[in-house]
Amino acid sequence: INSPAFPLYRQLCDRGADAVVYDPLYTDDEVRRLGLEPGRPEGAEVAILNTAHEAFRDMLPALSESGVRVVFDGRDLWDPADARKLGLTYLAVAAL
């Protein structure tokens, strides 16, 4: 599988992050077989959007309610104003 999730996950773990992966297209067992730790955003401080699944489009309220404080939008899927209205710090990769 050619996905930026693999190197990102490994870099975060190498730097001491307690990283987990959530992808609505994979079961937890499938995520584990790929060598990643499955999880949900509950209790996370930061959520990183690494793929623009439609299932993630309306996820900002759930992230805010789960305790996430910072969202990093790596796919320009979320509206920064919506994130800020929910009290989230919004970070993104600048479009080129």
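Quick caveat: nothing in here was measured; it's all calculated off a predicted structure.

Attention shifts here to the environment of Arg10. If you trace the backbone, Arg10 turns up in helix H1 (residues 5-14). By relative accessible area, Arg10 is classed as partly exposed at 40%. Between the C-alpha atoms of Arg10 and Pro80, which are 70 residues apart in sequence, the distance is 27 Å. Those residues within four positions of Arg10 in sequence are excluded, and the remaining contacts are Leu34, Gly35 and Leu36.

Right, let's talk about the pattern of salt bridges for a bit. Taken as a whole and judged by the stated rule, the model has three salt bridges. Here Asp28 and Arg40 are joined by a salt bridge, their closest N and O atoms 3.4 Å apart. Of this pair, Asp28 sits in helix H2 (residues 28-33) while Arg40 sits in the loop between H2 and strand S1 (46-49), placing them twelve residues apart in sequence. Assessed through its relative accessible area of 31%, Asp28 is described here as partly exposed. A relative accessible area of 41% places Arg40 in the partly exposed class. The salt bridge partner of Glu54 is Arg57, with a shortest N-O separation of 3.0 Å.

Further remarks concern unusual backbone geometry. Although it is not a glycine, Asp76 adopts a positive phi angle of roughly 55 degrees. Of note, Asp76 is situated in the loop between strand S2 (70-73) and helix H4 (80-85). On the basis of relative accessibility, which here comes to 60%, the residue Asp76 falls in the exposed class.

Let us look at the nonpolar core. Core analysis: the biggest nonpolar cluster contains 13 residues, and Leu60, Leu63, Val68, Val71, Trp78, Ala83 and Leu88 have the highest contact counts within it. Phe6, Tyr9, Val31 and Leu36 belong to the second largest nonpolar core, which has six residues in total.

What counts as what
- Residues numbered from 1 in each chain as written.
- Predicted model: local features only at pLDDT ≥ 70, side-chain atom pairs only at ≥ 80, totals over all residues.
- Heavy atoms only, no water.
- Helix = DSSP H or I, 4+ residues; strand = E, 2+ residues; numbered from the N terminus.
- Buried < 20%, exposed > 50% of the residue type's maximum accessible area, 1.4 Å probe, protein only.
- Contact = heavy atoms within 4.5 Å.
- Salt bridge = Lys/Arg side-chain N within 4 Å of Asp/Glu carboxyl O.
- Core = buried A, V, L, I, M, F, W, Y, C linked by side-chain atoms within 4.5 Å.

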